[in-house]
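Close look at the chain arrangement
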Amino acid sequence: TSKKKKKPSTRFVMESKSDEKMDTTDLSTSQKREVEEKRSSAPRKSVQKRSQVENVDLKLVSYISDYAGVAKIRRLAFIGERCQSLSVQAFQLALEEIQRGSNAELYQEIATTAQDLHDAELFPIDTQWIQNTTRRSQTTLTVLQSNLNAAKQNENREEIRKSYIALADFFVARGDYPSSVAKHVDARDHSSSIQDQLNTSLSMIKTSIHLGTMSHVKAEVGRSLSADKTDIVTPIVRGKLKASVGLYYLRNKGYTLAAKSFQECPYELNGHYPEVISGRDIALYGGLCSLASCNRRSLKSDVIDNDKFKSYLELYPEMRDVITDFYSTKYAKCMESLEKIKPNLLVDIYISSHVETLYQQIRAKALSQYFSPFISVNMHKMAEAFQVSIENLEKEISCLILDGQIQGRIDSHNKILHAKRFDQRAATFRHTLEVGKQYVRSSKSMLLRMNLIKHNIVNRSSESENTYSNESMAISDEEDDPYHGHASSSSSRSGQFGRKNIRRRK
């Protein structure tokens, strides 16, 4: 333990000495050198992916007040990388929030990214805070490990579980999420009640979401919603589970399952899960996934008439209006409203990578529903309804026809979209004839089999393909029946020459 303490202390002394040397040199030269070193050593991933989003209508302080902890920091950093107008304020709020905790590694990461995107003087790195935080973390880790060892020596199961939980919370605060998951697994092995197992599953779900992979979410949600835990799962806990698995399905582009999960979230969850998601997010994610995956009937029953989800939509009036306009076939107004909220979606950490895909699916569904009641549609009126040029509309409809989403054909000269006519009477006749042919075929096969059984004729070629037990049964029958040899010889001939030999034998 003493050796582990000495190593970081010498490193901190070396860092402080280097800082003193830098203070004696020219400030402009040292700052330039620091910026160049950080730009060369820091990964350029964030800078290269910085696609600036314009016209973001977001009150940052009010928006970010719905979140806490790592979720708040990650969202602020994501907005800082994407939105130039809010970047400085977002990075400053993120760094202030980090310094309230003990995640020194995350502080260095976001501070370096902020310096890459802006002037380094705006975001000076507080090396003293990093040193003090790292020292406290090492001391806390030593104490927690000692408590765990003492609990193991005393063989106290409850104390061992609490020690593992304390270590898991410590690793979460420091940003070491894989180690936290491992400690939660150890804690569950020492759990003595169903409530303890449920709390451990909730902690693992939250940690997996912060980790970004969400690999444990689906399994832990299924374990938490099992039959033996139904009595202790409160509406808030159920809402946390549904919202978490909804994020899992959204990340894996399972929009139908994501929509269903968000629709089933109880409204009691609103304001009780700031470490992961807010009520506005549930309305936004659930609304977009429902528009992209649900038909009109399910959109009416599961979204518009759903009392639980309707309460969430009241928190996001823009999303509520989009769904109402879509169901009322006001497609032009619906698409216009979607374009207005698109900049805000592009700075959301979970939905931004799915915006283009969801918008394409919503537009394709709108075009398909607009055309479905008609035999033919004037494409000029259709383009006017969707506020798009006739050329672009024709390209969109052509793609939908090729994908099978619209059953129709385009008259490019007259600009008319015709539905493919389906002759129900001819189809009924074709189906009737096919059923009759199958009946005749099965009847002939049944009569042939009955005649073969009646005359004690066995097809040896087909019998040889059966299992060894069937062959042994055939041999035993041959020994008992004196006429079996004659029948087998005739059956072999029937196997060679087909039905003609069988009829000749008859």
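Predicted model only: the values in this text are computed from it and were never measured.

Focus: the pairing of strand β3 (residues 416-419)
Covered by surrounding structure in β3 are Leu417 and Ala419 only, the residues Ile416 and His418 on the alternate face being uncovered. Here strand β1 (residues 376-378) pairs with β3 via three bridges, running antiparallel. Among the inter-strand pairings, Ser376 is bridged to a residue of β3, identified as His418. Pairing of strand β2 (residues 408-411) with β3 involves four bridges; the strand directions are antiparallel. If you follow Arg409 over to β3, its bridge partner there is His418. Between the end of β2 and the start of β3, which pair antiparallel, lie four residues, with Lys415 showing a positive phi angle near 55°.

Some details on the packing of aromatic side chains
Within a pair of aromatic rings, the relevant descriptors are the distance that separates the centres and the angle that separates the planes. The full count for this structure, using the stated rule, is 11 aromatic pairs. Aromatic side chains Tyr267 and Tyr312 sit 5.2 Å apart centroid to centroid with 65° between the ring planes, which places their arrangement in the edge-to-face category. Linking Tyr267 in the loop between α14 (255-263) and α15 (279-293) with Tyr312 in helix α17 (residues 307-313), this pair joins segments that are 45 residues apart in sequence. Ring plane angle 70° and centroid distance 6.4 Å describe the contact between Tyr331 and Tyr370, whose orientation is recorded as edge-to-face.

A look at a nonpolar patch on the surface
On the surface, a cluster of nonpolar side chains totalling about 340 Å² of accessible area is made up of Met446, Leu447 and Met450. Its location among the elements puts Met450 in helix α23 (residues 424-454).

Points about the packing of helix α12 (residues 217-224) against helix α13 (residues 235-251)
Where α12 meets α13, the axes come as close as 9 Å, and the angle between the chain directions of the two elements is 150°. Between α12 and α13, the angle falls in the class roughly antiparallel. For the pair α12 and α13, the crossing hand works out as left-handed. Touching Val217, Lys218, Val221 and Ser224 of α12 are Leu241, Ser244, Val245, Tyr248 and Tyr249, all from α13. Counted by class, the contact of α12 with α13 contains six nonpolar, two polar and one charged residues.

Topic: the environment of Thr357
By secondary structure assignment, the location of Thr357 is in helix α20 (residues 355-371). The spatial distance from the C-alpha of Thr357 to the C-alpha of Ala292 is 9.0 Å, given a sequence separation of 65 residues.

Some remarks on the packing of helix α5 (residues 69-82) against helix α7 (residues 104-117)
Contact pair α5 / α7: the axes reach a minimum separation of 11 Å and the direction vectors enclose 15°. Our classification of the angle between α5 and α7 gives roughly parallel. The way α5 lies across α7 gives a crossing that is left-handed. Between α5 and α7, the contacting residues are Ile73, Arg74, Ala77, Gly80 and Glu81 on the first element and Leu106, Glu109, Ile110, Thr113 and Leu117 on the second.

Some details on the sheet that holds β1
To summarise the sheet geometry, strands pair through backbone hydrogen bonds and adopt either a parallel or an antiparallel arrangement. One open sheet holds the three strands; their spatial order is β1-β3-β2, and the pairing between them is antiparallel. With partners counted over all chains shown, the strands left at the sheet margins are β1 and β2, one partner each. Strand-to-strand, the axes of this sheet are offset by a mean angle of 20°, without reference to chain direction. Taken strand by strand, helix α21 (residues 379-386) contacts β1, β2 and β3, and its axis lies near 65° from that of β1.

Here we look at the side chain of Ser224
Following the sequence through the fold, Ser224 ends up in helix α12. For Ser224, the side chain forms a polar contact with the main-chain oxygen of Glu220, separated by 2.8 Å. When residues no more than four places from it in sequence are discounted, the contact partners of Ser224 are Leu198, Ser201, Lys229, Val233 and Leu241.

Some words on the confidence of the model for the protein chain
Taken residue by residue, the protein chain gives an average pLDDT of 81. The fraction at 70 or more is 79%. Overall, residues 1-49 carries pLDDT values under 50, and its contacts beyond four positions in sequence, including any with other chains, amount to 24 contacts. pLDDT under 50 marks residues 467-506. Its contacts with residues more than four places away, or in other chains, come to 29 contacts.

Regarding the side chain of Ser208
Here Ser208 shows up in helix α11 (residues 194-211). When neighbours within four sequence positions are excluded, Ser208 is seen to be in contact with Thr213, Met214, Ser215, His216 and Val217.

Overview of the pattern of salt bridges
The final tally for this structure, using the stated rule, is 16 salt bridges. The residue Lys415 makes a salt bridge to Glu394 at a minimum N-O spacing of 2.8 Å. Placement of the pair is Lys415 in the loop between β2 and β3 and Glu394 in helix α22 (residues 390-403), with a sequence separation of 21 residues. Glu394 sits in the buried class, given a relative accessible area of 15%. Connected through shared salt-bridge partners, Lys72, Glu97 and Arg100 make up one network.

Here is what the cut-offs are and how they apply
Residues numbered from 1 in each chain as written. Predicted model: local features only at pLDDT ≥ 70, side-chain atom pairs only at ≥ 80, totals over all residues. Heavy atoms only, no water. Buried < 20%, exposed > 50% of the residue type's maximum accessible area, 1.4 Å probe, protein only. Helix = DSSP H or I, 4+ residues; strand = E, 2+ residues; numbered from the N terminus. Pairing = 2+ DSSP bridges. Phe/Tyr/Trp six-rings, centres within 6.5 Å; stacked < 30°, edge-to-face > 60°. Patch = residues over 30% accessible without salt bridge, like charges linked within 9 Å, V, L, I, M, F, W, Y side chains within 5 Å. Areas by Shrake-Rupley, 256 points an atom, 1.4 Å probe, with all protein chains shown as cover. Salt bridge = Lys/Arg side-chain N within 4 Å of Asp/Glu carboxyl O. Axes fitted to C-alpha atoms, helices over the stretch in contact; angles between N-to-C directions. Parallel < 35°, antiparallel > 145°, perpendicular 65-115°, else oblique. Left-handed = near helix turned anticlockwise from the far one by under 90°. Contact = heavy atoms within 4.5 Å. Nonpolar A, V, L, I, M, F, W, Y, C, P; charged D, E, K, R; others polar. Polar contact = N/O pair within 3.5 Å; in protein donor to acceptor, adjacent residues only side chain to side chain. pLDDT = per-residue confidence, 0-100.

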